[in-house]
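Fold and contact review
The chain contents come next:
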Amino acid sequence: MRGIVLGGTSSGTGKTVATLAVLRALQRAGKTVQPAKAGPDFIDPSHHAAVADKPSRTLDPWLQGADGLRRTYARGTGDVCVVEGMMGLYDGDVASTADVAATLGLPVVLVVDASAGMESVGATALGFREYDDRIDVAGVIAQRAHGGRHAEGIRAALPDGITYLGRVPPDDRLAIPDRHLGLELGSESPVPTEVLDDAASHLDTERLLNVCREPEPPERPTGSRGADAVDARVAMATGPSFAFRYPATVERLRERATLVTFDPRHDPLPDCDGVYLPGGYPELYAEALSASDALGTLADRAAEGLPVFGECGGLLALGESLRVDGETHAMAGVLPIDAEMHDRYQALDHVELAARRDSPIASAGETLRGHEFHCSSARPASDARFAFDVARGDGIDGKDGVTEHATLGTYCHVHAESGAFDSFLESVAGE
């Protein structure tokens, strides 16, 4: 599957809107499009999925390793893959958009905010092309650019070898509302199709397709990594409270076990052998979760030894309480922590964890890579036990993985390529 990477000159250049416009332009040309996202983000992919009607693949060399990244890409389906970058093209000390493009061998389309520039867009594109010889900056999309003389001036200013691929005009209707962890989810605030159609009409679809290239193939197959199925039924929480889950994780759980889903706000806990609580926005639904029969049942089952793994928002839901806007809400009470929401994020980084003891997702002495991004803080009880020391990142005072019974809650999000979910399934099957 051929592909391109849309990289920005910096954060805030409008990469997400440009990506949605490209997805729509290629759809209008009759192509089946596979969206993807460089970096660990969950929110931008939700907007991709709303347009492409299929999950967006997560591509992050820190979370997955180079070959795991290539495998994840190869598991996508369609005529062409459009990868939205993270931050600026070269930003990120352990994982960047440039690293993703170089690992896959894909060309970069530079998204440049041209609202107050014309000839300088050409100079910017030239500088980004020359900065790193691993990277092929093959084209430019001029974000917030007007037509006529403005667009023609940008086209004329581009150096040889960098193609003008069109523009995204300034349009207030393209704005996506945001909240404390970034944009609102695509299921909450999708950009209207007719607005994207207007933006897509200013892109040169034929040239976009000509820029696309086949990626580097993975060394290992794209299947289930040779692991056998386990005789286990795993219940995964869904809904906006637990919306942050990678498609590869869901696929992995389905490949090796029976996967059932439930929304703890109103669904009962299904009959199951293990429970996965992804991250999300439990703070927005704290009152409903506090009254949830599912969390009450989960607390009873966890005390009986049911394996449970919660990430970030899942960690908060498993704790004793969650304080939001001055009000304290009781949570499941499985883990001895009390959490509180803040106006600004408390941690944002790629993370490395060193296992200090066996847990449902790693054995003592192993390391796991993931990421953390949250606006909450957690206060553990004095007798709280932790499964991990944080070698990189923040965690909870330099530790992560609060554990009780067979339950584990982490601030860290991990990807299926880390092996954590294989370990979790084996712990579930072993019970």
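A brief structural summary. Nothing here was measured: the structure is a model prediction, and the numbers come from that model.

**Topic: the overall build of the chain**
- On a plain count of helices and strands, the chain comes out with 13 helices and 23 strands.
- Against the 2.2 N^0.38 benchmark of 22 Å for 431 residues, the chain shows a C-alpha radius of gyration of 22 Å, consistent with a compact globule.
- Across its three principal axes, the chain shows a C-alpha extent of roughly 70 × 50 × 35 Å.
- For the chain, with 431 residues in total, the buried portion stands at 58%.
- Of the accessible surface of the chain, which amounts to about 16500 Å², a share of 42% is contributed by carbon and sulfur atoms.
- Computed over 39 positive and 66 negative side-chain charges, the separation of the two mean positions in the chain equals 5 Å.

**Comments concerning the pattern of salt bridges**
- For the structure shown, the criterion picks out 30 salt bridges.
- As a salt-bridge pair, D93 and R392 come within 3.1 Å of each other at their nearest N and O atoms. One end of the pair, D93, is in the loop between β4 (80-88) and α4 (97-104); the other, R392, is in strand β20 (residues 385-392), and 299 residues separate them in sequence.
- With a relative accessible area of 64%, D93 lands in the exposed category.
- Between D422 and R252 there is a salt bridge whose closest N-O contact spans 2.5 Å. Within this pair, whereas D422 is found in helix α13 (residues 420-429), its partner R252 is found in helix α9 (residues 247-256), the two being separated by 170 residues in sequence.
- Look at D422 and you get buried, because its relative accessible area is 8%.
- Exposure remark for R252: the relative accessible area of 4% places this residue in the buried category.

**Comments concerning the packing of helix α3 (residues 61-74) against α4**
- In the contact formed by α3 and α4, the axes pass within 10 Å of each other and the chain directions differ by 40°. Relative to α4, the element α3 is oriented oblique. Of the two elements, α3 crosses α4, and the hand of that crossing is right-handed. Residues P61, A66, L69, R70 and Y73 of α3 form the contact with α4, whose participating residues are D99, V100, T103 and L104.
- By residue class, the composition of the contact of α3 with α4 is six nonpolar, one polar and two charged.

**Here we look at the nonpolar core**
- Among the nonpolar cores identified, the biggest contains 39 residues, and F262, V275, L277, L298 and L322 are the most heavily contacted of them.
- Only β10 (233-237), β11 (258-262), β12 (274-277), α10 (286-290), α11 (293-303), α12 (313-318), β14 (321-324) and β16 (337-341) provide two or more residues apiece to this core.
- Among the elements that take part in this core, α11 stands out by supplying five residues, more than any other.
- Once residues within four sequence positions are removed from consideration, L322 is found in contact with P282, E283, A286, L316, E327, T328, H329, M331, A339, E340 and M341.
- Residues A36, A101, V121 and I135 belong to the second largest nonpolar core, which totals 33 residues.

**Some remarks on the environment of E311**
- By the secondary structure assignment, E311 is in strand β13 (residues 308-311).
- When the C-alpha positions of E311 and D136 are compared, they lie 37 Å apart, and in sequence the two are 175 residues distant.
- Not counting the four nearest positions on each side in its chain, E311 is found in contact with Y276, L277, P278, G279, T410, C412, H413, V414 and F421.
- Among the polar contacts made by the side chain of E311, one reaches the main-chain amide nitrogen of V414 at a distance of 2.8 Å.

**Quick word on empty space enclosed by the protein**
- Tallying each qualifying case throughout the model produces two cavities of 30 Å³ or more.
- What the second largest cavity holds in volume is close to 70 Å³.
- If you list the elements that add at least two residues to the lining of the second largest cavity, you get α12 and β18 (367-374).

**A short note on the sheet that holds β10**
- Pairing is mixed in the open sheet, where ten strands are placed in the order β11-β10-β12-β13-β22-β21-β20-β17-β18-β23. Edge positions in the sheet fall to β11 and β23 (413-414), since each of these pairs with one other strand and no more.
- The sheet contact formed by β12 and β13 spans three bridges and is parallel. Pairing of Y276 across the sheet is with F309, part of β13.
- Helix-sheet contacts for α3 involve β17 (347-355), β18 and β20, and the interaxial angle to β18 is about 135°.

**Things to note about the packing of aromatic side chains**
- Scanning all chains against the criterion turns up ten aromatic pairs.
- Relative to Y246, the ring of F42 lies with its centre 4.4 Å away and its plane at 20°, an arrangement referred to as stacked. Of this pair, F42 sits in the loop between β2 (33-38) and α2 (43-52) while Y246 sits in the loop between β10 and α9, and the two are 204 residues apart along the sequence. In this pair, the class of F42 matches that of Y246, namely buried.
- On the numbers, 4.7 Å between centres and 50° between planes, the contact of Y90 with Y131 is tilted. Of this pair, Y90 sits in the loop between β4 and α4 while Y131 sits in helix α5 (residues 119-131), and the two are 41 residues apart along the sequence.
- Between the NZ or CZ atom of K399 and the centre of the ring of F386, over which it lies, the distance is 5.2 Å.

**Considerations on the pairing of β18**
- Examined bridge by bridge, β17 and β18 share eight bridges and lie antiparallel to one another. Among the inter-strand pairings, V351 is bridged to a residue of β18, identified as G370.
- Pairing of β18 with β23 involves two bridges; the strand directions are antiparallel. Residue pairing across strands places G370 opposite V414, the latter belonging to β23.

Scoring rules and cut-offs
- Residues numbered from 1 in each chain as written.
- Predicted model: local features only at pLDDT ≥ 70, side-chain atom pairs only at ≥ 80, totals over all residues.
- Heavy atoms only, no water.
- Helix = DSSP H or I, 4+ residues; strand = E, 2+ residues; numbered from the N terminus.
- Rg over C-alpha atoms; globule rule 2.2 N^0.38 Å.
- Buried < 20%, exposed > 50% of the residue type's maximum accessible area, 1.4 Å probe, protein only.
- Areas by Shrake-Rupley, 256 points an atom, 1.4 Å probe, with all protein chains shown as cover.
- Lys, Arg positive; Asp, Glu negative; His and termini not counted.
- Charge placed at Lys NZ, Arg CZ, Asp CG, Glu CD.
- Salt bridge = Lys/Arg side-chain N within 4 Å of Asp/Glu carboxyl O.
- Axes fitted to C-alpha atoms, helices over the stretch in contact; angles between N-to-C directions.
- Parallel < 35°, antiparallel > 145°, perpendicular 65-115°, else oblique.
- Left-handed = near helix turned anticlockwise from the far one by under 90°.
- Contact = heavy atoms within 4.5 Å.
- Nonpolar A, V, L, I, M, F, W, Y, C, P; charged D, E, K, R; others polar.
- Core = buried A, V, L, I, M, F, W, Y, C linked by side-chain atoms within 4.5 Å.
- Polar contact = N/O pair within 3.5 Å; in protein donor to acceptor, adjacent residues only side chain to side chain.
- 1 Å grid on protein atoms, 1.4 Å probe; cavity = no way out; pocket = protein on both sides within 12 Å on 5 of 7 lines; lining within 4 Å.
- Points joined across faces, edges and corners; volume = space filled by probe spheres on them.
- Pairing = 2+ DSSP bridges.
- Phe/Tyr/Trp six-rings, centres within 6.5 Å; stacked < 30°, edge-to-face > 60°.
- Lys NZ or Arg CZ within 6 Å of the ring centre and 35° of its normal.

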